[in-house]
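Here is how the chains run, residue by residue.
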Amino acid sequence: MVPKLTTKQRRAALDKGMQIRLERAEYKQKLKDGSMTVEQFFKLADSGYQAAYGMRVYSLLTSLPGYGEVRSRQLMNELRIAQGRKVKGLGTMQRARLLSILIGDGDDA
C-alpha cells in the first residue's frame with residue numbers, strides 16, 4: 001500500500017527528485033567533456049551519492065566520448081549487463097570488466 005503523503009512531504013520528495021536529476025545531468029556533462037573520469041564517477045557511487053549509484057549503466061556509457069547508442073548496447077551485451085541495470089546493481093565481475101575495457105580504451109586513444 002502506498003502511504004498517503006502530505007502536500008509538504010510530496011513537495012519535499014519532488015524537490016529531492018529534481019535535485020538528483022540535476023546532479024545526474026551534471027555528472028553526464030562532466031563525463032562527456034572529460035572533466036570527470038569513470039574511476040572518479042565510480043568513487044562517487046561508492047561514497048553513497050544517490051545521483052551516481054542510481055544512474056543506469058547505459059546512460060553512463062552514452063555519456064562517454066566515443067560511446068554512442070550502438071557501441072554502448074554492444075558493450076553491455078558483451079558483458080551481459082541488462083539494459084536497465086543501474087550502477088549500484090552491477091556485479092563485482094561486471095564492474096571490473098567494464099572498468100578494464102573503459103580504461104583500456106582511454107589508453108589506446
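Bear in mind the structure is a predicted one, so any value in this text is a computation, not a measurement.

Rules behind the numbers
- Residues numbered from 1 in each chain as written.
- Predicted model: local features only at pLDDT ≥ 70, side-chain atom pairs only at ≥ 80, totals over all residues.
- Heavy atoms only, no water.
- Helix = DSSP H or I, 4+ residues; strand = E, 2+ residues; numbered from the N terminus.
- Polar contact = N/O pair within 3.5 Å; in protein donor to acceptor, adjacent residues only side chain to side chain.
- Expected span 1.5 Å × (residues − 1).
- Buried < 20%, exposed > 50% of the residue type's maximum accessible area, 1.4 Å probe, protein only.
- Contact = heavy atoms within 4.5 Å.
- Phe/Tyr/Trp six-rings, centres within 6.5 Å; stacked < 30°, edge-to-face > 60°.
- Lys NZ or Arg CZ within 6 Å of the ring centre and 35° of its normal.

J.: Would you mind showing me how to read the side chain of Gln94 here?
T.: Take Gln94: it is sitting in helix 6 (residues 92-108). Polar contacts involving the side chain of Gln94 include one to the main-chain amide nitrogen of Gly91, which spans 2.9 Å.

J.: What's the story with helix 1 (residues 7-33) in this structure? I'm lost.
T.: An α-helical turn contains 3.6 residues, so any two residues separated by three or four positions project in the same direction. Given a rise of 1.5 Å per residue, 27 residues ought to cover 39 Å, and the 39 Å separating the end C-alpha atoms of helix 1 matches this to within 8%. Turning to helix 1, its buried residues are Gly17, Ile20, Tyr27 and Leu31. Here the buried face of helix 1 lies against helix 2 (38-46), helix 3 (50-53) and helix 4 (57-63). Phi for Gly34, located one or two positions after helix 1, is positive at around 85°.

J.: How should the environment of Arg24 be read in this particular structure?
T.: When you line up the elements, Arg24 lands in helix 1. C-alpha of Arg24 to C-alpha of Met55: the two residues are 31 residues apart in sequence and 7.1 Å apart in space. Apart from the residues lying within four places of it in its own chain, the contact partners of Arg24 are Gln50, Ala51, Gly54 and Met55.

J.: Looking at this structure, I do not really get the packing of aromatic side chains. What am I missing?
T.: One pair of aromatic rings is described through two measures. These are the centre distance and the angle between the planes. One pass over the full model with this rule turns up two aromatic pairs. With a centroid separation of 6.0 Å and 80° between ring planes, the pair formed by Tyr27 and Phe41 is classed as edge-to-face. Of this pair, Tyr27 sits in helix 1 while Phe41 sits in helix 2, and the two are 14 residues apart along the sequence. For the pair shown, Tyr27 and Phe41 are each scored as buried. Aromatic pair Phe41 and Phe42: ring centres 6.0 Å apart, planes at 80°, arrangement edge-to-face. Here Phe42 falls in the buried class, since its relative accessible area comes to 2%. An aromatic cluster is present here, built from Tyr27, Phe41 and Phe42 joined pairwise through their rings. We note Arg71 situated over the ring of Tyr67; from NZ or CZ to the ring centre the distance is 4.2 Å.

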